[in-house]
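Structural description and commentary
Here is what each chain is made of, one letter per residue.
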Amino acid sequence: MSFELVVHSRAGAAEGVVVLDLRDPSGAALPAWAPGAHIDLVLPGDLVRQYSLCGDPADRLTWRIAVLREPAGRGGSALAHELLPGATVEVRGPRNHFPLRPAARYLFVAGGIGITPIAPMIAAADAAGAEWRLLYGGRTAASMAFARELRAAHGDRVDLRPQDEHGLLDLESLLARGTPDTLVYCCGPAPLLDAVEKHCAGRPSGTLHMERFTPKDAGEPLLAGSFEVELAVTGITCTVPPGRSILDVLEAAGVQVLTSCREGTCGTCETDVLAGTVDHRDSLLTPEEQAAGDTMLICVSRAACPKLVLDL
């Protein structure tokens, strides 16, 4: 769904981080969301960027996001930082590929702006009476959004570890404390997620949940040559050559597909697979979802067989 929302308020949350509250200009209620959900901002120049909702899901009038300005980024965060109260912006969503599963115990690990999807998860876990702990790292204390609020509300269950004071997060000892049924939720920069994934390699399947802001290295495609994609709804069949994505080829053929990140991290272009074997190259679907093979992100994933049939 797409909305024209207005920036209701703006505030600083940490060094380089701005919090934007978005509302419907008519005062109408916004669609419901749950912890882990994100929205797309459509910025000038048709730049589309994803931001996690980090407010209160019970507040149906406001969608809150926190945006880190990245000087070395692609320009989206700089444009988002220019949004002032009263400005209108096109918003799509919400969507949730990082949902909080019910559990008795949680371990939350956040790095930098990765705290944004984690903060409402903590509130939900706490309200449900679950046991939980947060390990939150950042470059400096001043750069860590919501750190004071979380510590004030939850005390010692919030372990703040600015890198300039404590060094890198001691993931090995912390992850060793959790019981096998503890669900681990992690969001942050790629090195943190890679390290958490490594330390959780021996944990039961389905206990680790991560959200990546940048794509991981998928290696070389399983199928080196071209393959065909048949669209079951439209009846179109296209050939996808090496070096071009399914999404690019379909767009060139005039097929309209909703898309956003184009790098396999947001899930906007997720498409049902009716036949064929997928070479999953995204950074979003869980290993279990990839193994099922009934859906794929066509912006990056490819075929591992001569022909795929998609529900398009």
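In the block above lies the structure referred to throughout.
Presented here is a report on the structure given in the accompanying data block.

Rules and cut-offs
- Residues numbered from 1 in each chain as written.
- Predicted model: local features only at pLDDT ≥ 70, side-chain atom pairs only at ≥ 80, totals over all residues.
- Heavy atoms only, no water.
- Salt bridge = Lys/Arg side-chain N within 4 Å of Asp/Glu carboxyl O.
- Helix = DSSP H or I, 4+ residues; strand = E, 2+ residues; numbered from the N terminus.
- Buried < 20%, exposed > 50% of the residue type's maximum accessible area, 1.4 Å probe, protein only.
- Pairing = 2+ DSSP bridges.

**A word on the pattern of salt bridges**
- Inspection of the entire model under this criterion finds 13 salt bridges.
- In this structure, E90 and R92 form a salt bridge, with 3.7 Å as the shortest nitrogen-oxygen distance.
- Close ionic contact of R212 with D194 constitutes a salt bridge, the shortest N to O distance being 2.9 Å. You can see R212 sitting in strand β11 (residues 208-212) and its partner D194 sitting in helix α6 (residues 190-199), a full 18 residues away along the chain.
- Classification of R212 by relative accessible area gives buried; the value is 6%.
- Taking the relative accessible area as the measure of exposure, D194 reaches 40% and is therefore partly exposed.

**Topic: unusual backbone geometry**
- The omega angle of the peptide bond from G93 to P94 is 0°, so this bond is cis rather than trans.
- Mapped onto the elements, P94 comes out in strand β6 (residues 88-95).
- Although it is not a glycine, D46 sits at a positive phi angle of roughly 60°.
- Turning to its location among the elements, D46 is positioned in the loop between β3 (38-43) and β4 (47-52).
- One non-glycine residue, F146, adopts positive backbone phi at about 65°.
- With respect to the element layout, F146 can be found in the loop between β8 (131-138) and α3 (147-154).
- Classification of F146 by relative accessible area gives buried; the value is 13%.

**Considerations on the pairing of strand β10 (residues 183-188)**
- Counting buried positions over the 6 residues of β10 gives 6, a clear majority of the element.
- Alternating positions in β10 separate into two faces, L183, Y185 and C187 on one and V184, C186 and G188 on the other, with burial throughout.
- As paired elements, strand β7 (residues 105-111) and β10 share 5 bridges and run parallel to each other. Bridge pairing links L107 to V184 in β10.
- Summarising the sheet, β10 and β11 pair through 5 bridges and their orientation is parallel.

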